[in-house]
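Secondary and tertiary structure notes
One-letter residues, chain by chain:
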Amino acid sequence: MIRSFFSGLRVRLVVLVLVAVLPAFGLIVWTGIDQRREERASAEKDALRIAQLTASQEGQSVESARQLLAGLTHVPQVTNSDPAACHTFLADLMTGNEQYTGIGVVAVDGTVVCSSLPLTSPINVGLPYFQQVLRTREFAVGGYLSPSETLSGKPLIPFGYPVLSEDGEVQAVLAAGLSLAWFNDAPDLPIGAVLTVIDRNGVILAGYPEPEDWVGKALPAGSLREAILAGGPGTAQASGVDGVERLYAFVPLTGTPEPSAFVAVGFSTSAVFAAANGTLTRNLAGLGVVALLALAAALFGGQAFLLRRVRALAAAAERLRAGQLNARSGLPHDQGELGQLARGFDAMARAIEQREADHRRDEEALRESEERTRKIIEAAYEAFISIDGDGVITEWNARAEAIFGWNRSEARGKLLADTIIPQEDREAHLRGLKRFLETGDGPILHKRMELTALHRDGHLIPVGLAIWPVRSGSTWSFSAVVEDISERKRVEEQLARRAEELAHSNAELESFTYSISHDLKEPLRTLEAFSQFLLEDYADKLDHQGRDYLVRISNGSARLKQMIEELLTLSRLGQRPEETNRVSVSRVVANVAASLQATVEGRGAAIEVEDGLPDILGDRTRVEQIFGNLITNGLKFNKSTEPTVHIGLWEMADDMAVFYVRDNGIGIEPQYHQQMFGVFQRLHRREEYGGSGAGLAIVKRATEALGGQVWLESEPGAGATFFVSLPLWAKAEARVLQEVA
Amino acid sequence: MSGNGDRFRPIRVLLVEDNPDDVAITERAFDKSAVVSRLIVARDGQEVLDLLASDEPRPDLVLLDMKLPKLSGLEVLAKIRRDEELSTIPVIMLTASNRPQDVLASYRLGANSYIQKPVVFERLTRALEVLGQYWFDVATLPCST
């Protein structure tokens, strides 16, 4: 409560003002106290001075009394024993003299001989002053006597002076009483001051002003009385008998042999402190005005300069909190702290507004993106299906409706297991779902699968699908893209059937070719064998012509046999190889060159092979056929004195290496380049160049079986260059490794 | 010939061949050779099995064509090699081609040699030389008692 009270800005300002005024207040009070102290000291000093002055006046009075008495002892009227004359004299003497209460001659026994006063009763000879006079025969002063102790009923100081006889004996005592009434006049006292004389019992002997009210009464017991009776001189602040607070200074009266009365001078404190109090009051009043003005300034200034701005800021903050993002403080951004605060606040508000705008824009973009995604999903050619962790369908797009026959509103909320999963797979589906949620193990997730799904009408549909889990917080859902692959399956089956048929017909063809050639070779063998036997066994029975015919039959059958063999080779090499391996072209070419060594040496020919031919992917038989035929042809169709065949690498492009086989042979006219590769195509008479004419056909079929191509560049007389492209082994290996990875 | 007695009886050669031309060619090759032989001809796979199962004396050598009606030559070879009685009879396969897979199949099933047809003198002689080694190493020489 207090904290909240002090948390108010205005309250704090007020407190600050008060704190600021406090030292001034302290200073004023301190100054006031100081001034009072000074004034008190001054007053005490004055009072003491007056008291001492009064006391000393009393002392002078005693002295003058002594002189008076000493003088009177020499007055005959006094020393004569004529009481009447004495009385008259003394009465005259005392007339108008109020300083003494009375004066008289007292016999040693106390009898009053004569007196200024009409006294009849003897005086108390037991009083000390009287005895002292008798004993010392000197002037003696008695203690103050209170009114009850005197014959006159007035307070007085008694004196005695011996009247000595001629022989020096005390004849009588001249006694006088010094009146204390003169104190009552106190002519030197400042206005407002009081003077009191008390005896050692505290009884007021005299006083000013209004002595008649107080004389004879005892000073009330209290600090003042104690302090005075302690002896003095001293000062004290106390209430007087009239109850007025005063500063008193007191001294013992010195006229008497021992302190028996005291004079106290009192200044009313209100008078003493009047100036100081006045100053203090004035200063405090001034300070109060200043403080009030400061408070007013703090309150109004705080209102004008602080509160208004702070409240504006608070209001803007509240508006901002309430969602009004364009709220600004509306305050000037000056250099002051509040200006900086306002600038900071406005900048913050602007930043928040900007961020909110960005956020809203992002949300809008996200919403649009979601909308777009939804549209894409809706329009997708594939079915999009989502299920939650319990297997309940949550998403079902148009394509899913078309494929499975359930419309969206029917499908959503149903178990996937109750809709498109065939009866026999349902348990496995639920088990798999459970296992994934428990262990995170989902072997069928994140990959494409082909399964059989159930249409609403009960028929089974082959589908391709990929399922992926989506985590949202602590729950999982699963989405799948499902494709109806019925048509593709049908096409695939058709293709597979065709491929099978094709393979079958290829096999049939090979078998056909094989059996044809085999069967063809059988009669040929007979022909060959028996013409040979005829030649061997009956040569002597045939003439030259007959033998020539037989030789022709034999040659023809041999050529037929070669053609059949080459047809067999062609049919074998035209198939794709059963398996392909890394084949070193360098080694194959080296082997071919070695097998042709006899021919090379016989004709002074050369086979040049580049180093570092790359390995290819194929099978050895086909690669041997390709390079064997090309090199053999290069040497065969060659009239050069130094037939040369050069084998090298032309280029490597993509996955293929292009090899070339260049000869310096007879060359081929461009118009024949295409038909060169036909089976049993010959450009030259058999007599000119041997061979069946199947070599290039075998090269072409073998190259194509390995996935390559063959072509040539040639001009008649300028030799020929054959190009063969074959798959690079390194590239194929890299691809396989990549697939494996 | 008979004067030579059993010691010099002609070796019994069982030729399994359905083509009469090839039978004639093979007979000529044996005629040309120094081997004194008696050629028995079977025309198909079943016939040769029946013949081998009969009381006829066991042949010293079988020339078996791979391509035969009914049972193929390789099937016949397999049956011979599985038969305890017949398993040691030397068998030379006759093939129309020298396709590597045919040759390999022959040896795998236990052929002693093979001859690419036509069975002319030189080829027969080379095959018999190979067989001579076999006879020395494994089997009883047919000319010994």
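Residues numbered from 1 in each chain as written. Chains lettered and ligands numbered in written order. Predicted model: local features only at pLDDT ≥ 70, side-chain atom pairs only at ≥ 80, totals over all residues. Heavy atoms only, no water.

What about the overall build of chain A?
- Counting its regular elements, chain A contains 21 helices and 22 strands.
- By the burial criterion, 38% of the 741 residues in chain A qualify as buried.
- Considering only intrachain contacts with a sequence separation of at least 6, the fraction spanning at least 24 residues in chain A is 57%. (Helix = DSSP H or I, 4+ residues; strand = E, 2+ residues; numbered from the N terminus. Buried < 20%, exposed > 50% of the residue type's maximum accessible area, 1.4 Å probe, protein only. Contact = heavy atoms within 4.5 Å.)

Describing the overall build of chain B
- Counting its secondary structure elements, chain B contains five helices and five strands.
- Reading the helices (α) and strands (β) of chain B from amino to carboxyl end gives β-α-β-α-β-α-β-α-β-α.
- Residue pairs in contact within chain B that sit at least 24 positions apart in sequence constitute 65% of those at least 6 positions apart.

Looking at the sheet that holds strand E3 (residues 140–141) of chain A
Residue and element names in this part refer to chain A.
- Taking strand neighbours across the sheet as the criterion, the five strands line up as E2-E1-E5-E4-E3 in an open arrangement whose pairing is antiparallel. At either end of the open sheet lies a strand with only one pairing partner, and these are strand E2 (112–115) and E3.
- The sheet contact formed by strand E4 (residues 156–164) and strand E5 (residues 170–179) spans nine bridges and is antiparallel. Bridge pairing links isoleucine 157 to leucine 178 in E5.
- Contacts between helix H2 (residues 9–72) and the sheet are confined to strand E1 (100–107), E3, E4 and E5, with E4 contributing the most and set at about 30° to the helix.
- Where helix H4 (residues 83–94) meets the sheet, its contacts fall on E1 and E2, and the angle it forms with E2 comes to roughly 40°. (Pairing = 2+ DSSP bridges. Axes fitted to C-alpha atoms, helices over the stretch in contact; angles between N-to-C directions.)

With respect to H2 of chain A
- Taking 1.5 Å as the rise per residue, H2 of chain A with 64 residues should run 94 Å; its terminal C-alpha atoms sit 91 Å apart, in good agreement.
- The largest bend in H2 of chain A amounts to roughly 30° and is located at valine 21 of chain A, with the proline proline 23 of chain A lying one to four residues further along. (Expected span 1.5 Å × (residues − 1). Bend = angle between axes of the 7 residues up to and from the residue.)

Description of the interface of chain B and chain A
- Opposite the 15 residues of chain B that make contact, chain A presents twelve residues.
- Both faces considered, chain B and chain A share a buried interface measuring about 1,300 Å² in area, 52% of it formed by carbon and sulfur atoms.
- Sorting the residues of chain B by area buried against chain A places Arg28, Ala96 and Arg99 of chain B first, and these three jointly supply 37% of that buried surface.
- Taken together, the links from chain B to chain A amount to four salt bridges.
- Among the ionic pairs, arginine 28 of chain B bridges to aspartate 537 of chain A, the shortest N-O distance being 2.5 Å.
- One can count five residue pairs in polar contact (both at pLDDT 80 or more) joining chain B with chain A.
- Top element by residues in the side of chain B that touches chain A is helix H1 (residues 20–32) of chain B. It accounts for six residues.
- Class assignment for the residues of the side of chain B that touches chain A results in five nonpolar, two polar and eight charged. (Buried area = accessible area lost by both parts, 1.4 Å probe. Salt bridge = Lys/Arg side-chain N within 4 Å of Asp/Glu carboxyl O. Polar contact = N/O pair within 3.5 Å; in protein donor to acceptor, adjacent residues only side chain to side chain. Nonpolar A, V, L, I, M, F, W, Y, C, P; charged D, E, K, R; others polar.)

Details of the nonpolar core
Residues and elements named next belong to chain A.
- Of all hydrophobic cores here, the largest spans 48 residues; its most connected members are Leu69, Phe159 and Val197.
- When residues in this core are grouped by element, the largest group, ten residues, is from H2.
- Here valine 197 is in contact with Phe183, Val203, Ile204, Leu205, Ala206, Leu253, Ala261, Phe262 and Val263, once residues within four sequence places are set aside.
- Counting residues in each nonpolar core, the second largest holds 41 residues, with Leu630, Val645, Ala702 and Leu706 among its members. (Core = buried A, V, L, I, M, F, W, Y, C linked by side-chain atoms within 4.5 Å.)

Details of the pairing of strand E21 (residues 709–714) of chain A
Residues and elements named next belong to chain A.
- Only one face of E21 is buried, namely the one carrying Val710, Leu712 and Ser714, since none of Gln709, Trp711 and Glu713 on the opposite face is buried.
- Relative to strand E22 (residues 720–727), E21 runs antiparallel, the two sharing six bridges. Along E22, the bridge assignment pairs glutamine 709 with serine 725.

Side note on the environment of aspartate 213 of chain A
Residues and elements named next belong to chain A.
- Within the secondary structure layout, aspartate 213 lies in helix H7 (residues 211–214).
- With a relative accessible area of 38%, aspartate 213 lands in the partly exposed category.
- Residues aspartate 213 and aspartate 242 lie 29 residues apart in sequence; the distance between their C-alpha atoms is 9.7 Å.

A word on the packing of helix H16 (residues 544–574) of chain A against helix H20 (residues 695–705) of chain A
All names here are of chain A.
- It is the contact of H16 with H20, at a shortest axis distance of 8 Å, that shows an interaxial angle of 15°. Considering their axes alone, H16 and H20 lie roughly parallel with respect to each other. The element H16 and its partner H20 pack so that their crossing is left-handed. Here Glu566, Thr569, Leu570, Leu573 and Gly574 of H16 come into contact with H20, specifically with Ala697, Ile698, Arg701, Ala702 and Ala705.
- Taken together, the residues of the contact of H16 with H20 sort by class into six nonpolar, two polar and two charged. (Parallel < 35°, antiparallel > 145°, perpendicular 65-115°, else oblique. Left-handed = near helix turned anticlockwise from the far one by under 90°.)

As for the confidence of the model for chain B
Residues and elements named next belong to chain B.
- On average, residues of chain B carry a pLDDT of 83, and 86% of them reach 70 or more.
- Confidence drops under pLDDT 50 across residues 1–5; counting only partners more than four residues distant or on other chains, this segment forms one contact.
- Per the prediction output, this complex has pTM 0.40; the corresponding ipTM is 0.76. (pLDDT = per-residue confidence, 0-100.)

So, the sheet that holds E22 of chain A
Residue and element names in this part refer to chain A.
- Taken in spatial order, the five strands make up an open sheet running E17-E19-E20-E22-E21, and their pairing is mixed. Two strands in the sheet have a free side with no partner beyond their single neighbour: strand E17 (606–609) and E21. Across the sheet, the mean angle separating the axes of adjacent strands is 20° when strand polarity is ignored.

Re the packing of aromatic side chains
Residues and elements named next belong to chain A.
- Across all of its chains, the model carries 13 aromatic pairs over all chains by this definition.
- Between phenylalanine 627 and phenylalanine 659 the ring centres are 5.9 Å apart and the planes differ by 85°, which places this aromatic pair in the edge-to-face class. Of this pair, phenylalanine 627 sits in helix H19 (residues 620–636) while phenylalanine 659 sits in strand E20 (residues 656–663), placing them 32 residues apart in sequence.
- Measuring from ring centre to ring centre gives 5.1 Å for tryptophan 650 and phenylalanine 723, while their planes differ by 75°; the resulting arrangement is edge-to-face. Highlighted residues: tryptophan 650 in strand E19 (residues 644–653) and phenylalanine 723 in strand E22, separated in sequence by 73 residues.
- Residue class for tryptophan 650 comes out partly exposed when judged on its relative accessible area of 46%.
- Phenylalanine 723 sits in the buried class, given a relative accessible area of 2%.
- Connected via pairs of aromatic rings, a cluster forms that spans Trp650, Tyr660, Trp711 and Phe723. (Phe/Tyr/Trp six-rings, centres within 6.5 Å; stacked < 30°, edge-to-face > 60°.)

A short note on the packing of helix H2 (residues 45–53) of chain B against helix H3 (residues 73–82) of chain B
Residue and element names in this part refer to chain B.
- Put simply, H2 and H3 touch, their axes get as near as 9 Å, and they point 20° apart. Judged by the angle between their axes, H2 and H3 are roughly parallel. Helix-helix and strand crossings are classified by hand; for H2 and H3 the assignment is right-handed. Contacts between H2 and H3 involve Gly45, Val48, Leu49 and Leu52 on the former and, on the latter, Val76, Lys79 and Ile80.
- Of the residues belonging to the contact of H2 with H3, the class tally is five nonpolar, one polar and one charged.

Describing the pattern of salt bridges
- Applying the stated criterion across every chain, the model contains 37 salt bridges over all chains.
- In this structure, the salt-bridge partner of arginine 488 of chain A is glutamate 492 of chain A, at a minimum N-O distance of 2.9 Å. Of this pair, arginine 488 of chain A and glutamate 492 of chain A both sit in helix H15 (residues 486–538), four residues apart, roughly one helical turn.
- Put simply, aspartate 44 of chain B and lysine 70 of chain B hold a salt bridge, and the shortest N to O gap is 3.6 Å. One end of the pair, aspartate 44 of chain B, is in the loop between strand E2 (37–42) and H2; the other, lysine 70 of chain B, is in the loop between strand E3 (61–65) and H3, and 26 residues separate them in sequence.

Describing the environment of asparagine 326 of chain A
- Here asparagine 326 of chain A lies in the loop between helix H10 (274–321) and helix H11 (337–379).
- Classification of asparagine 326 of chain A by relative accessible area gives partly exposed; the value is 49%.

Overview of the side chain of glutamate 17 of chain B
Residues and elements named next belong to chain B.
- One can find glutamate 17 in the loop between strand E1 (11–16) and H1.
- You can call glutamate 17 buried: its relative accessible area is 0%.
- In terms of polar contacts, glutamate 17 uses its side chain to reach the backbone amide nitrogen of asparagine 19, at 3.1 Å.
- Here lysine 117 takes part through its side chain, which lies 3.1 Å from a polar atom of the side chain of glutamate 17.
- Those residues in contact with glutamate 17 that sit more than four places away from it in its chain are Asp22, Val23, Val41, Ala42, Arg43, Asp65, Leu68, Leu94 and Lys117.

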